[in-house]
Amino acid sequence: MTDVAPREVLQTVDDPQLGTDILSQGLVTDVTVEDGVVSVSVALGAPHAPVANEISRRIEGAFEERGVEAVVSTEPETAGHEDGGPLSGVTNVIAVASGKGGVGKSTVAVNLAASMARRGARVGILDADVYGPNIPRMLDARERPDVTEDKHLVPVERHGLSVMSMEFITEGEGPVIWRGPMVDKVITQLLDDVAWGTLDYLVVDLPPGTGDTQLTLLQRVPVTGAVVVTTPQAVAVDDADRGMQMFSEYDTPVLGVVENMSGFVCPDCGSEHDIFNSGGGQALAESFDLPFLGSVPLDPEIRTRGDDGRPVALDETTETGRAFHELTAAVMDNTSLVHRRERSDE
């Protein structure tokens, strides 16, 4: 096989979402041939995303059809921080946001992170909800973090996740009553003074609304994309609409909309009830021409698992666990899509 032949084969491999070949998109970063084996490096941006695995399989299959063995490796890109910086080892920063409180945003963030880790990704979760940090309880992570010799906090490990929360700093004593500059300072500390290490995804649980925390994150960190959480009811959808506009102003891609508490199935009679209405999340996604990531039912098991520190996404045998796993797959695929579109536009 000549040096030209591998690239000719790669021109026959189409991107399943964009429909164009991966070579013209600029996804192929290196091709080598040694002892009859072709090694292909591709920049897919979202490790362990189903679409990334599919592209790898298509590459291997294209060469296999020609009787040639191919080995595919991915080259993750960092989130845009300088080499040696605190987030220099983070490939993707995923913000989880909501327009209002009480829609289950933290629940979605925790289960999204847990499901990513179950897929084999290296995942961190940052509880940036400075006024109401709930992640430590939801992951049963209450101990104080260690400190490195260079004065960086070491995230607490739970369920394969690297966890950091404002509660670890304040020890959860009393209400947090801060003005904007103080919020900016603590968020910067949680980003810059934490030894995050090498991560495929850093999931950031934002407070509800469009306040100082959101602005600090969007101004200081190259956020790969945002996941917007709402319930079906009109009031929640209206507030989520304003959050969408905030991300648009900062040119932050919205990976999609999650509709939480979408329906309740009575355990006694089996009938389904739309307690918070239905379809609001999907309508919101359609109005902004964004992906609808999926619905999560109103399931008492979510509350039980959250209170006990065992995210329901860790159990894929339940309907709710599968729902979180499916929406996580969609988030990861859309994260990869953001990266691939950027490379295609270069």
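Just so we're clear, the structure is a prediction, and the values are computed from it rather than from any experiment.

1. So, the overall build of the protein chain
Across its full length, the protein chain carries 11 helices and 13 strands. Within the protein chain, counting contacts between residues at least 6 apart in sequence, those at least 24 apart form 73% of the total.

2. What about the packing of helix α8 (residues 234-249) against helix α9 (residues 280-287)?
Put simply, α8 and α9 touch, their axes get as near as 10 Å, and they point 30 degrees apart. With respect to their mutual orientation, α8 and α9 come out roughly parallel. For α8 against α9, the interelement crossing comes out right-handed. Contact residues: α8 offers Val237, Ala240, Asp241 and Met244, while α9 offers Gly280, Gly281 and Leu284. Its residues assigned to classes, the contact of α8 with α9 comprises four nonpolar, two polar and one charged.

3. A word on the packing of helix α3 (residues 105-118) against helix α11 (residues 319-345)
Where α3 meets α11, the closest approach of the two axes is 9 Å, and the angle between their N-to-C directions is 80 degrees. Our classification of the angle between α3 and α11 gives roughly perpendicular. Residues Thr107, Val108, Asn111, Leu112, Ser115 and Met116 of α3 lie in contact with α11, whose contacting residues are Phe324, His325, Leu327, Thr328, Val331 and Met332. Residue classes in the contact of α3 with α11 are distributed as seven nonpolar, five polar and no charged.

4. Some words on the environment of arginine 7
Considering the arrangement of structural elements, one finds arginine 7 in helix α1 (residues 4-10). Owing to a relative accessible area of 36%, arginine 7 belongs among the partly exposed residues under this scheme. In the structure, arginine 7 is positioned 33 residues away from valine 40 in sequence and 9.7 Å away in space, judged by C-alpha atoms. Once you skip the residues sitting within four places of it in the chain, arginine 7 turns out to touch Leu23, Val28 and Val31.

5. Some thoughts on unusual backbone geometry
Positioned with a positive phi, histidine 159 is a non-glycine residue whose angle comes to about 50 degrees. Positive phi values are uncommon outside glycine, yet methionine 261 reaches one of about 55 degrees. Topologically, methionine 261 is positioned in the loop between β10 (254-260) and β11 (264-265).

6. Some remarks on the pairing of strand β8 (residues 199-205)
Counting buried residues along β8, seven of its seven residues qualify, which places the element largely inside the surrounding structure. Bridge analysis of strand β4 (residues 90-98) against β8 gives six bridges, and the strand direction is parallel. Across the sheet, the residue bridging to alanine 95 is valine 204, located in β8. One ladder, built from five bridges, connects strand β5 (residues 123-127) with β8; its direction is parallel. The residue bridging aspartate 127 from the neighbouring strand is aspartate 205, located in β8.

About the criteria used
Residues numbered from 1 in each chain as written. Predicted model: local features only at pLDDT ≥ 70, side-chain atom pairs only at ≥ 80, totals over all residues. Heavy atoms only, no water. Helix = DSSP H or I, 4+ residues; strand = E, 2+ residues; numbered from the N terminus. Contact = heavy atoms within 4.5 Å. Axes fitted to C-alpha atoms, helices over the stretch in contact; angles between N-to-C directions. Parallel < 35°, antiparallel > 145°, perpendicular 65-115°, else oblique. Left-handed = near helix turned anticlockwise from the far one by under 90°. Nonpolar A, V, L, I, M, F, W, Y, C, P; charged D, E, K, R; others polar. Buried < 20%, exposed > 50% of the residue type's maximum accessible area, 1.4 Å probe, protein only. Pairing = 2+ DSSP bridges.

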